[in-house]
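Below are the chains, spelled out letter by letter.
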Amino acid sequence: MREIKYVEAENEALREEMLRDPDLILIGEDIGKAWQGAFKVTKGLQEEFGPERVRDTPISEAAIVGCAVGASLTGLRVVAEIMFGDLLTIAMDQICNQAAKIHYMFGGQTSVPIVVRTNFGAAGNYGAHHSQSLEAWFVHVPGLTVIQPSTPYDVKGLLKSAIRNPNPVIFFEHKFLYNTTGAVPEEEYFVPIGQADIKREGRDLTVIATSLMVLKALKASEELQKEGISVEILDPRTLRPLDRKTIADSVKKTGRVLIVHEACGTGGISGELTKVVIEEAFDYLDAPPLTLAGKDAPVPVEPSMEQYNVPNEAQIMQAVKKIVK
Amino acid sequence: MDIPREKLFDLYRKMVLIRYFEERAYEIFGTGVIAGTLHTYMGQEAVAAGIIANLTNDDFITSTHRGHGHVLAKGASPDRMMAELFGKETGYCKGKGGSMHIADFQKGILGANGVVGGGIPIATGAGLSCKLKYHNKRVVACFFGDGASNTGSFHEAINLAGVWKLPVLFICENNQYAMGTSVKIATAVDDIAKRAVGYGIAGVVADGNDVLDVYLKGKAAVQRAKKGEGPTLIECKTYRIKGHSKYDPATYRPPEEVEAWLARDPITLYRAKLLDSSIEEEEIVAIETEATEIIDHAIDFAQESPKPQVETAAEDVYAEVSEDARD
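All figures in this text were calculated on a predicted structure; none of them were measured in a lab. (Residues numbered from 1 in each chain as written. Chains lettered and ligands numbered in written order. Predicted model: local features only at pLDDT ≥ 70, side-chain atom pairs only at ≥ 80, totals over all residues.)

A.B. asks: What am I meant to see in the overall build of chain B here?
C.D. replies: The helix and strand inventory of chain B stands at 10 helices and 7 strands. Computed over its C-alpha atoms, the radius of gyration of chain B comes to 19 Å, within 12% of the 20 Å expected for a compact globule of 327 residues. Projected onto the principal axes, the alpha-carbon positions of chain B cover approximately 60 × 50 × 40 Å. Residues counted as buried form 54% of the 327 residues belonging to chain B. Looking at chain B alone, contacts between residues at least 24 apart form 76% of all its contacts between residues at least 6 apart. (Helix = DSSP H or I, 4+ residues; strand = E, 2+ residues; numbered from the N terminus. Rg over C-alpha atoms; globule rule 2.2 N^0.38 Å. Buried ≥ 20, exposed ≤ 12 C-beta atoms within 10 Å, placed from the backbone. Contact = placed C-beta atoms within 7 Å.)

A.B. asks: Looking at this structure, I do not really get the pairing of strand 2 (residues 24-28) of chain A. What am I missing?
C.D. replies: In the case of a regular strand, side chains alternate between the two sheet surfaces. All names here are of chain A. Within strand 2, 5 of the 5 residues are buried, which leaves it mostly tucked inside the rest of the structure. Across the two faces of strand 2 the burial is the same, with Leu-24, Leu-26 and Gly-28 and Ile-25 and Ile-27 all buried. Pairing between strand 2 and strand 4 (residues 77-82): 5 bridges, direction parallel. Counterpart to Gly-28 in the pairing with strand 4 is Glu-81. Pairing geometry for strand 2 and strand 3 (residues 54-56), over 3 bridges, is parallel. (Pairing = 2+ DSSP bridges.)

A.B. asks: Explain the environment of Gln46(A) to me, please; I cannot follow it from the model alone.
C.D. replies: All names here are of chain A. Along the polypeptide, Gln-46 turns up in helix 2 (residues 45-49). The spacing of Gln-46 and Leu-26 is 20 residues in sequence and 9.2 Å in space, taken between C-alpha atoms. Ignoring any residue separated from it by four or fewer positions in sequence, one finds Gln-46 in contact with Gly-32, Lys-33, Pro-51 and Val-54.

A.B. asks: Could you clarify how one ought to interpret the interface of chain B and chain A in this entry?
C.D. replies: Opposite the 37 residues of chain B that make contact, chain A presents 38 residues. Only helix 5 (119-132) and helix 6 (152-163) of chain B provide two or more residues apiece to the side of chain B that touches chain A. For the side of chain B that touches chain A, a count of residues per class yields 21 nonpolar, 10 polar and 6 charged. (Nonpolar A, V, L, I, M, F, W, Y, C, P; charged D, E, K, R; others polar.)

A.B. asks: Can you walk me through the sheet that holds strand 9 (residues 197-200) of chain A in this structure?
C.D. replies: Whether parallel or antiparallel, the strands of a sheet pair through hydrogen bonds between backbone atoms. Residues and elements named next belong to chain A. Taken together, 5 strands build an open sheet; the order of strands is 9-11-10-13-14 and the sheet is mixed. One side of each edge strand has no neighbouring strand; the edge strands of this open sheet are strand 9 and strand 14 (290-294). Adjacent strand axes in the sheet meet at a mean angle of 25° when their direction is disregarded. Here strand 10 (residues 205-209) pairs with strand 13 (residues 257-264) via 4 bridges, running parallel. Its bridge partner being in strand 13, Ile-208 is matched across the sheet by Ile-259. Strands strand 9, strand 10, strand 11 (231-235) and strand 13 of the sheet are contacted by helix 8 (residues 212-226), whose axis makes an angle of about 170° with strand 11. (Axes fitted to C-alpha atoms, helices over the stretch in contact; angles between N-to-C directions.)

A.B. asks: Sorry if this is basic, but what is going on with unusual backbone geometry here?
C.D. replies: Trans peptide bonds make up the majority, and among non-glycine residues the majority have a negative phi. The step from Arg240(A) to Pro241(A) runs through a cis peptide bond, and the omega angle for that step is 0°. In this fold, Pro241(A) is placed in the loop between strand 12 (238-240) and helix 9 (244-254). For Lys40(A), which is not glycine, the phi dihedral falls at a positive 70°. In this fold, Lys40(A) is placed in the loop between strand 2 and helix 2. The phi dihedral of Met179(B) is positive, around 50°, even though this residue is not glycine. With respect to the secondary-structure elements, Met179(B) resides in the loop between strand 4 (177-178) and strand 5 (181-182). Look at Met179(B) and you get partly exposed, because 13 C-beta atoms sit within 10 Å.

A.B. asks: How do you make sense of helix 9 (residues 266-276) of chain B when you look at a structure like this?
C.D. replies: Residues three or four positions apart in an α-helix share a direction because the helix packs 3.6 residues into each turn. All names here are of chain B. Of all the positions in helix 9, only Pro-266, Ile-267 and Tyr-270 are classed as buried. Across the axial projection of helix 9, the buried residues extend over an arc of 90°, all falling on one side. Opposite its buried face, helix 9 presents the exposed residues Thr-268, Ala-272 and Asp-276, each directed more than 90 degrees away. Contacts made by the buried residues of helix 9 are with helix 1 (5-30), helix 2 (45-52) and helix 7 (211-226). (Arc of directions from axis to C-beta.)

The following block contains the structure:
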């Protein structure tokens, strides 16, 4: 199978869906031909589909998401790009009070089929306003669907599913992943929302890792294998709704679990994942579940300090050994 | 001024329907039957009636926490509205929305809104659909208050609608107070309509208690919008008869100010104007009687409707993925 970059796989998903659905439009800051998206995800799309369907906006995050909501209620489908995940905070009312609640609050009369795409995470030394991992904020809001794909295959299949989903989806892409490569079929496929994926099978322990941490856990697991420790790696892919069954099945099999994410630990998705493990597989546990998360601090700029604050392969190996012993 | 006779009646019909709905809801609220709160539209009827008389069923509106007038004028069912206030299963939102969250998507009513300013970006988005999908044959009327004109949503959404020349009427109902805060201590310009200059769009002040003035200014704005000339900001200067919400006695308003505005009650003014023209009082009384009957029916409907099953409180959080989603 061909190998393409994460950013290319995403671009293909957008292009395929725009070709299929003439009512699908893209809006966001600098997504048109002048810049092609801050991370080039929308490259070539304005040239192909025109400025009516690929719309550069002013720097107005609340209006971008609100506009997506209003357009989606009246016959269009919209993928909105927020240039950095940190800037979702400026659109919180439209995401959490409006988009997330419209279906419920109006008695199920209508729904809000929008995707809000954004990036997150510490990569590139962008500092405290451009590096946060805020996914847990959105997981806490009923009505939202939250996705964090880790591979080119997943990002394409999940973005296509998200675009066709009738509910508002917050779609988080780790900055470091854009230039990673992986196998992606030529033919059309979908990755279902709410379905976790076992990225590596193992016997001794389950590492539940999200986004970039999946890649780090895979590397760590190869080293651990040399030491005779067989690690299973589970990527939830969708954080809301969580795939409780796949998590339960894996933990029941291995009896041990380590949860790894980049977001700071306090209030992070690890708390929710631990809850699922306890509710679904407590009697199967041979050791307490542990979490390895980002430090409870803003993300600094200086490169070694930036990476000091997020989990790495060595820490994953250390944590695994601590649990397995 | 050349307004057809039926339109003149229609404006009056909408205004009294709103007034009677609000009077009766206010009265029933006092008996404890309606839960939550109630922000009545009494005194501002000329704005909703005057603007929406220029729209069709295919056009869209966004509304506010003080939204009963807008949705009634756009054709929402008084039965289902009253049932929603009563928290009944037959209400527009099956009891989940209440007074501040009424919508009817079949009638282009994209929702009242509990967040001040929250509907303004949504209106801009609906305007984008009107432009791209309906080629400016449809328009949006976005209602909000003087308070909302100081939110970031207002500025972001109007700038976007301006730069994209979207067919949206931004209707600022300046009723002089945001809860208890006078517009004089919250807003630096004397006319909020002047802000239109900053967004490169048309801005106009209307007498919000004169339904014909509102109607004609709305009509001109709809014409501009349909010609592709973009949005208009219409500031309608008006006044709440009651306080901000049901429990607010509004003692912060000077008595002479209240008296001056009440002397210009929009329904009294318009009724007198109709009588001054060639319209007979019995024709007006017939409209009033009909409105009373409609509201009586709505109250009966609400009272007789069943309560929702309490378990439905956890339903409808997500829309179901349809089978053909991957066609």
